[in-house]
Amino acid sequence: MTNVAIIGAGLAGSLLAIYLAKRGIEVDIYESRGDMRLEKVAAGRSINLALSDRGIAALRQVGMDEYMLAEAVPMFGRMIHSVSGEKKLLPYSGRAGEYINSVSRAGLNVALINKADMYAGVRFHFNYRCTDFDCSSGAARFSNGQTVKSDTLIAADGAGSAIRNAMLYGGIERFDFSQDWLEHGYKELHIPRGRDGGFLLEKNALHIWPRHQFMMIALPNFDGSFTCTLFLAHSGRKASVNERADGEKHTLVNTPVSATDLLPCFDELTTEAAVMDFFNREFSDAVPLMPTLAGDFFQNPTGNLGTIKCFPWYIGGKALLLGDSAHAVVPFYGQGMNCAFEDVRVLDTLLENYGTDWEKIYEKYGRLRKPNTDAIAEMAEENFYEMRDAVADQVFVRKRELETRLEQTYPDYFSKYSMVTFREDLPYLVAKERGKAQDNLLMGICAEVESVAELDLDNVMARLRTEPISLSMKSTITIDGRDYEVDLSSPIDISIPLRFNGPQPNAYGVESASSKPCRAGDLVGDTRLGGSVNFEQYTFIPHCNGTHTECVGHITHERIAVRDCLHDVLMPAVLVSVRPLQVGGDSLITTDVLRASLPPSYAGGCALIVRTLPNDDGKLTAEYANIIPPYFASEAVAFIVDQGLKHLLVDIPSVDRIFDEGKLLNHRLFWNVAPGSFEAADAARRHSTITELVYVPNEIEDGEYLLNLQIAPFAADASPSRPVLFKTS
């Protein structure tokens, strides 16, 4: 039976144990602390958590969702507390049933441990602190001297992961790692329940006291109390002319500001008097509710806030980093736990598909999760500044009000917060990019009005639906063992648009591409002539009227279709600019010209794109009937074939001399067809193509790309085509 070692019995590790046990996998969990079911949670480390849809979805699959939600406190929005004591609720969503839940970290962890402990194949080992990991053998070492080796190991040991450190310090060559600290730290404080056992603040809200350079928040507990957290800079700095020492922006108050004022920081709050003065000035409405404020402040530790990113997350099939060990985030989007739970759910899906092929599972898991965990890490830090600063900005408040109304009115509208928090079907990366574009548009709209009531919601929604929203689709694509980082949302089209009855390129002086409306009795295919729709008859010659891709069927008796020859979907390509040599009145692309144009680091690829110089947009409409455009020397074509290049793309009408008495020697050489032959022998390069009459603007740099060569599904030797490039790194 397969055995998995999990390092860390925290939230992610305990949930993962349940998932694995349900699949019949034996699990040993090693936890550095004692059994938290028998010990008191350390003061200042029991920050409440916001459980939302991504986390709930993971709990639902193991039957734990209803149990945990039974003792959660729903939070329907942010309750904003001003310095003067005014309060305003900013709902999280305009749709009914969309809210986040305040849950106890310790309570949830204990429940998951208890659930995992019910499975006979799960064994907990408490007070086992992992100190090192042998990346070669897959053995974990512990502080008690014991060494453990299992079929595979999954590290859920948090931001200080010993497994990740082993990968970093020699375990994996060129291991990428970054750790970015905020200048702010945090301290946990407390608001007790009222004498009657009730809540002293609105219970169904996350309370925020935003003060621009710092803030305090409070989350409700099931017992009627609130867990408060102060987020404040560790060390002080001088206030700018736009800031007051009490944290308010100068534009919001009429109090003069001194450039020598220090902004508040933990280092300055060293006495009870300083603490009470700070809280009475900044959070005066909360102080009466916090009878143990001074004691809590000095008793509870000051924590650090940082983001950890690293990659790769795995060593073959030996070990995997999961949760905070791979991607620790700051807590300001309430997604740290939810993201880790989603990690577990995604990993379980891969187990369903690939059994216990751990190396394949880990490789695919990393490719799936890394772009999304990077996205939520960036959004979490952005949300810190939103919670601290923007919620006190009137344009932002109007934007949130507008978003609430849009969600109440239009089922297909989701704010960025809603996409992150309530759309577990939507990857974090998509939520980030789409949400950012929406935010920019709506902030611009709200900056132009004094009240949301002035806006026409239908018009706003129409703009959201029709104005282009650019989504980044950054992916890592592996081709023949080589990884390419590429943004699929930034295509570069190098085809020439075919304008029927308009300006267009033309080779050999053939008739121009044309169109005319179809007619059938009284029906005419032109709305300008009274027809109900446009449908036209197009007449063109692919080889002569624009960008086209052709196959070996171009020169054989056998009718071979280009659609049957082009099998590569995304292929490595290199773009080069060449200045042909002048030889006897002709312009020749020679081997030396090609060699000189290839980048020094070029390691081979699948396609070559040749841009001839000089280059200008006259190529979009050039007529080649009475001129001899550049063409390839035969030895240059042989060089291309020897390089293993399957696809050749050129901005000229032919790789051969345009009038060569029909010999097409270069075409034959490229496809390995004998001179004068019309037969495609077994050795013919049937899966190679030539694309002619492309146009590469000068602003497109030479270098390596991925190429997507799109063709029409013509059962013919050539087809109009649309070559699309994607820049790679």
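Attention here is on the structure that accompanies the text. All values derive from a computational prediction rather than experimental measurement.

A closer look at the overall build of the chain
Helix and strand counts for the chain come out as 18 helices and 36 strands. Dimensions of the chain along its principal axes, counting C-alpha atoms only, are 100 × 70 × 60 Å. Here the chain, with 729 residues, has 54% of them falling under the buried criterion. At a minimum sequence separation of 6, the contacts of the chain that also span at least 24 residues come to 71%. Carbon and sulfur atoms make up 49% of the accessible area of the chain, which totals about 32100 Å². Put simply, the chain has 70 plus and 96 minus side-chain charges, and the middle of one group is 2 Å from the middle of the other.

Some words on the sheet that holds strand E12 (residues 152-155)
Spatially, 6 strands are ordered E8-E2-E1-E12-E19-E18 in an open sheet, and the strand pairing comes out mixed. Pairing within the sheet leaves two strands with one partner each, and these edge strands are strand E8 (122-126) and strand E18 (314-315). Of the strand pairs in this sheet, strand E1 (residues 3-7) and E12 are connected by 4 bridges, and their pairing is parallel. For Val-4, the partnering residue across the bridge sits in E12 and is Thr-152.

With respect to the side chain of Ser-225
Locating Ser-225 in the fold gives a position in the loop between strand E15 (215-220) and strand E16 (226-233). Side-chain polar atoms of Ser-225 contact the side chain of Asp-223, separated by 2.6 Å. If we ignore the near neighbours within four places in the chain, the residues touching Ser-225 are His-190, Ile-191, Pro-192, Arg-193, Phe-199, Leu-219 and Pro-220.

What about the environment of Trp-671?
By the element assignment, Trp-671 lies in helix H18 (residues 665-671). Sequence separation between Trp-671 and Ile-555 is 116 residues; the distance between their C-alpha atoms is 9.4 Å. Contact partners of Trp-671, with chain neighbours within four places excluded, come to Glu-550, Cys-551, Val-552, His-554, Ile-555, Ala-684, Arg-685, Ser-688, Thr-689 and Ile-690.

So, the packing of helix H11 (residues 394-409) against helix H13 (residues 428-447)
It is at 9 Å that the axes of H11 and H13 come closest, and there the two elements cross at 115°. As far as their axial angle goes, H13 and H11 are roughly perpendicular. In this structure, H11 meets H13 at a crossing whose hand is right-handed. The residues of H13 that touch H11, namely those facing Val-395, Phe-396, Arg-398, Lys-399, Leu-402, Glu-403 and Leu-406, are Asp-439, Leu-442, Met-443, Cys-446 and Ala-447. Here the contact of H11 with H13 is composed, by residue class, of 8 nonpolar, no polar and 4 charged.

A look at helix H1 (residues 11-22)
For H1, spanning 12 residues, the distance from its first C-alpha to its last is 17 Å, which sits close to the expected 16 Å at 1.5 Å a residue. The element H1 is extensively covered by neighbouring structure, given that 11 of its 12 residues are classed as buried. Buried within H1 we find Leu-11, Ala-12, Gly-13, Ser-14, Leu-15, Leu-16, Ala-17, Ile-18, Tyr-19, Leu-20 and Ala-21. Immediately downstream of H1, the backbone of Gly-24 shows phi near 80°, a positive value.

Looking at the packing of aromatic side chains
Inspection of every chain in the model, using the stated rule, returns 26 aromatic pairs. With a centroid separation of 4.8 Å and an interplanar angle of 10°, the aromatic rings of Tyr-92 and Tyr-417 are classed as stacked. Here Tyr-92 is found in the loop between strand E6 (87-91) and strand E7 (100-103), whereas its partner Tyr-417 is found in helix H12 (residues 416-422), with 325 residues between them in sequence. For Tyr-92, a relative accessible area of 3% translates into the label buried. With a relative accessible area of 10%, Tyr-417 lands in the buried category. One aromatic cluster is present, built from ring pairs that chain together Phe-214, Phe-266, Phe-278, Phe-279, Phe-283, Phe-297 and Phe-298. The ring of Phe-414 has Arg-95 lying over it, and the distance from NZ or CZ to the ring centre is 3.8 Å.

Here we look at the sheet that holds strand E4 (residues 73-75)
Ordered by their spatial adjacency, 3 strands build an open sheet running E3-E7-E4, and the pairing between neighbours is antiparallel. Both outer strands of the open sheet, strand E3 (49-51) and E4, are each paired with one neighbouring strand and no more. Ignoring strand direction, the axes of neighbouring strands in this sheet form an average angle of 40°. Here E4 pairs with E7 via 3 bridges, running antiparallel. Directly across from Met-75, in E7, lies its bridge partner Ile-100.

A word on the state of the cysteines
This structure, assessed with the given rule, holds 0 disulfides. As a non-bridged cysteine, Cys-135 has Cys-130 as the owner of its nearest cysteine sulfur, 11 Å distant. Looking at Cys-310, it has no disulfide partner, and the nearest cysteine sulfur is the one in Cys-135, 12 Å off.

Concerning a nonpolar patch on the surface
On the surface, a nonpolar cluster with roughly 250 Å² of combined accessible area is contributed by Tyr-508, Ile-628 and Phe-659. Within the fold, Ile-628 resides in the loop between strand E31 (607-612) and strand E32 (631-632). Residue Ile-628 is classed as partly exposed on the basis of its relative accessible area of 31%.

Observations concerning the pattern of salt bridges
Per the stated rule, a full pass over the model turns up 42 salt bridges. When the shortest N-O distance is used, the salt bridge between Arg-123 and Glu-26 registers 3.5 Å. In this pair, Arg-123 is assigned in strand E8 and Glu-26 in strand E2 (residues 26-31), connecting sequence segments 97 residues apart. A relative accessible area of 27% places Glu-26 in the partly exposed class. Across the salt bridge formed by Lys-399 and Asp-439, the nearest N and O atoms sit 3.2 Å from each other. Of this pair, Lys-399 sits in helix H11 while Asp-439 sits in helix H13, and the two are 40 residues apart along the sequence. Each of the two residues, Lys-399 as well as Asp-439, counts as buried. Linked by salt bridges that have partners in common, Glu-382, Lys-399, Arg-400, Glu-403, Lys-416 and Asp-439 make up one network.

Quick notes on the packing of H11 against helix H14 (residues 457-466)
Interhelical geometry of H11 versus H14 gives an angle of 90° and a closest axis separation of 11 Å. By the criterion of interaxial angle, the relationship of H11 to H14 is roughly perpendicular. Residue-level inspection shows Leu-402, Arg-405, Leu-406 and Thr-409 of H11 in contact with H14, the latter providing Leu-457, Val-460, Met-461 and Leu-464.

The rules behind the values
- Think of each chain on its own: its residues are numbered from 1, step by step along the sequence as written.
- This being a predicted model, a pLDDT of at least 70 is required before a residue's local features are given, and a value of 80 or more before pairs of side-chain atoms are given or counted; all residues contribute to the totals for chains, interfaces and linings.
- Hydrogens and water molecules were not included; the side-chain quantities draw on all heavy atoms of the structure.
- By the criteria applied, helices consist of DSSP H or I runs no shorter than four residues and strands consist of E runs no shorter than two, each listed in order from the N terminus.
- For the exposure calls, accessible area comes from a 1.4 Å probe over protein chains only, and a residue counts as buried if that area is under 20% of its type's maximum, exposed if over 50%, partly exposed in between.
- Throughout, a residue-residue contact means that at least one pair of heavy atoms, one from each residue, lies within 4.5 Å.
- Accessible surface is estimated by sampling points in the Shrake-Rupley manner with a 1.4 Å probe; for residues, cover comes only from the protein chains shown.
- For this count, His and the chain ends are skipped, Lys and Arg are scored as positive, and Asp and Glu as negative.
- To locate a charge, take NZ of a lysine, CZ of an arginine, CG of an aspartate or CD of a glutamate.
- Note on pairing: DSSP must find at least two bridges between two strands before they are called paired.
- Polar contact is the term for a pair of N or O atoms within 3.5 Å; when the atoms are in protein, one must be able to donate a hydrogen and the other to accept it, and sequence-neighboring residues count only if both atoms are side-chain atoms.
- As a rule, the C-alpha atoms of each element are fitted with a line to give its axis, helices using only the stretch in contact, and angles between N-to-C directions run from 0 to 180 degrees.
- Geometric relationships in this document are graded by angle, where less than 35 degrees denotes roughly parallel, more than 145 denotes roughly antiparallel, 65 to 115 denotes roughly perpendicular, and other angles denote oblique.
- Crossing handedness is read from the near helix: turned anticlockwise from the far helix by less than a right angle, it gives a left-handed crossing, and turned clockwise, a right-handed one.
- Lys, Arg, Asp and Glu make up the charged group, whereas Ala, Val, Leu, Ile, Met, Phe, Trp, Tyr, Cys and Pro make up the nonpolar group; the residues left over, Gly among them, are polar.
- Helix span is expected to be 1.5 Å times the residue number reduced by one.
- The rule is short: rings of Phe, Tyr and Trp, with Trp giving its six-membered ring, pair when the centres are within 6.5 Å, and they are stacked under 30 degrees, edge-to-face over 60, tilted in between.
- Distance and angle both matter: a charge sits over a ring if NZ of Lys or CZ of Arg is within 6 Å of the ring centre and within 35 degrees of the ring normal.
- Cysteine sulfur atoms are paired as a disulfide whenever they come within 2.5 Å of each other.
- Residues qualify for a patch when their relative accessible area is over 30% and they have no salt bridge, like charges being joined within 9 Å and the nonpolar side chains of Val, Leu, Ile, Met, Phe, Trp and Tyr within 5 Å.
- A pair is scored as a salt bridge if a Lys or Arg side-chain nitrogen falls within 4 Å of a carboxyl oxygen belonging to Asp or Glu.

Any link to function would need more than the numbers given here.
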